[in-house]
Amino acid sequence: MPTTLEIKLAPSQLHDAEALRRAVSRKARMADDDIDALSVTRRSIDARGASPVYRLRVEVIRKNEPPSPEAPPAFQLRDVAEAPAVAIVGCGPAGMFAALQLIELGLRPIIIERGQDVRARRRSLRAIQQFGEVDPNSNYCFGEGGAGTYSDGKLYTRSLKRGNYLKALQTLVAHGAQEDILIDAHPHIGSNKLPGVVANMRESILTHGGEIRFGHLLADLEMDGDIEALIVRDENGTEYRLHAEAYILATGHSARDVYQLLHDRGIRLEAKPFALGVRIEHPQPLIDGIQYGQSLREENLPASSYKLVTQVKDRGVFSFCMCPGGLVVPAATAPGEIVVNGMSLSRRDSPYANSGTVVAVEVEDLAPYSSHGVFAGLALQRTVEQAMFASGDGTQRAPAQRLTDFVNRKVSADLPDSSYIPGLHAAPLHDLLPAGIYERLQQGVKDFSRKMKGYYTAEANVIGTESRTSSPVRIPRDRKTYRHPEVDSLYPCGEGAGFAGGILSAAMDGQNVARAVAEKVLG
């Protein structure tokens, strides 16, 4: 069996095969000639010392040692053109990975997606970036690949409790993602690379007998106790009936009309905790200097990131979706609201670093919105998003403050440069945010400044608002069967159902739900 070693290398040695071999030889106390093969299985950066180093987990095979048995393929797809159909609402990671898993198990997925394919989506993104025009069906949240396609492609979860994360990563690699994601501690694809991966996944689904219908919106449910069929509206406004053996609902965290539809049809929903706040953008060299202690980052070190968390008045305040070398983008899903998110391209070479900085919102915090019942959290989101929009000039220019002014409740006289293409305008975020959110953010920033010397600076922009961290609504399901407790053929799935929090966790949830569907349909 291979020997596993933990090795440290300087960044300058990262791509030096001989340096790695020498380090392995020293650590294993082996002659160089005794090493037959090396394989790096894990890679991370340790910046805790005086100089950053790479920590590598390496598998070493000695000469004359039998190799490890070859791993089976990540997945094996079959032709399901004549197989029983399963309808999937939503073509994000939960929906696409569910579709591939269904094909592997012998069922035919039919995906309906309100948005467009990755190529057509670019026109919608240009419209919101350049002209402030929000298409409610095609935007940064809706369309092929879901919210993650054009907002970064981070794959940070390593939670084994959700399922086989390695299979999900291997599936992405098989469809064009770089193999580095299999070993990096914080794998990342990038918004310039992920659309191609998503398009390849689409081709796998179609080639093996599945179907994807873009521009098709879930309009209603035909019900008689259970779901008899979906009523779907195509891009021409024509409605049709779609019957299937089961219905996977994977609509993402921003499909508010779907929650309303379920509620109107008497399908039980639950309020759930979420988080709300702002996005804070620093110059990337400033963050590099803090994290790496280098005024000029070494060539083989990536743009540095951070993760910050504190407790203020019994609520968590934390960084979320940190984008080193990234961009702030407009993520509204309806006219009349300002929502921001972050993204990075694969090279992470923007001169800016940004991160959501948010406050945990518990169900008991929603008392002022109790008249909205299970939708109290949605009402809070809308109120804040619409207040941000009303503070501006009717475009997607976002309200902002210098970080120091934000803490001191001052409207900024001017603002630093920003990656946010629609532009910023100075506004009193301390008044636009709910008092409880603002006050916790205010103290949270002070706490962060003690943990990261230099974080608190007038060079940073605070931009409103980061409100779509997760869904404030959960669609309940049985833990074993993955079915809704009262609607036998409905399978809530992914972020929109309240059971995932990112690309990889949504993908694994899709796989788990697909296996549960197959167990019921195929027996």
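The rules we used
- Residues numbered from 1 in each chain as written.
- Predicted model: local features only at pLDDT ≥ 70, side-chain atom pairs only at ≥ 80, totals over all residues.
- Heavy atoms only, no water.
- Buried < 20%, exposed > 50% of the residue type's maximum accessible area, 1.4 Å probe, protein only.
- Helix = DSSP H or I, 4+ residues; strand = E, 2+ residues; numbered from the N terminus.
- Pairing = 2+ DSSP bridges.
- Axes fitted to C-alpha atoms, helices over the stretch in contact; angles between N-to-C directions.
- Parallel < 35°, antiparallel > 145°, perpendicular 65-115°, else oblique.
- Left-handed = near helix turned anticlockwise from the far one by under 90°.
- Contact = heavy atoms within 4.5 Å.
- Nonpolar A, V, L, I, M, F, W, Y, C, P; charged D, E, K, R; others polar.
- Salt bridge = Lys/Arg side-chain N within 4 Å of Asp/Glu carboxyl O.

Asker: Tell me about the pairing of strand S16 (residues 340-344), and name the residues and values.
Answerer: Burial within S16 is extensive, with five of its five residues counted as buried. Of the two faces of S16, the one lined by Val340, Gly342 and Ser344 and the one lined by Asn341 and Met343 are each fully buried. Inspection of the sheet shows strand S15 (residues 326-330) paired to S16 by five bridges, in the antiparallel sense. Paired with Val329 across the two strands is Asn341, which belongs to S16.

Asker: Please set out the packing of helix H2 (residues 93-105) against helix H13 (residues 503-522) residue by residue, giving values where relevant.
Answerer: In the contact formed by H2 and H13, the axes pass within 7 Å of each other and the chain directions differ by 40°. Classified by the interaxial angle, the pair formed by H2 and H13 is oblique. Classified by chirality, the crossing of H13 by H2 is right-handed. Of H13, the residues touching H2 (which contributes Pro93, Ala94, Phe97, Ala98, Gln101, Leu102 and Leu105) are Ile503, Ala506, Ala507, Gly510, Gln511, Ala514, Arg515, Val517, Ala518 and Leu522. Of the residues belonging to the contact of H2 with H13, the class tally is 13 nonpolar, three polar and one charged.

Asker: Break down the pattern of salt bridges for me, citing the residues and quoting the values.
Answerer: Tallied over the entire structure, the rule returns 33 salt bridges. Notably, a salt bridge pairs Asp32 with Arg21, separated by 3.0 Å at the nearest N-O pair. Linking Asp32 in the loop between helix H1 (17-28) and strand S2 (35-46) with Arg21 in helix H1, this pair joins segments that are eleven residues apart in sequence. Note that Arg55 and Asp46 form a salt bridge whose closest N and O atoms lie 2.8 Å from each other.

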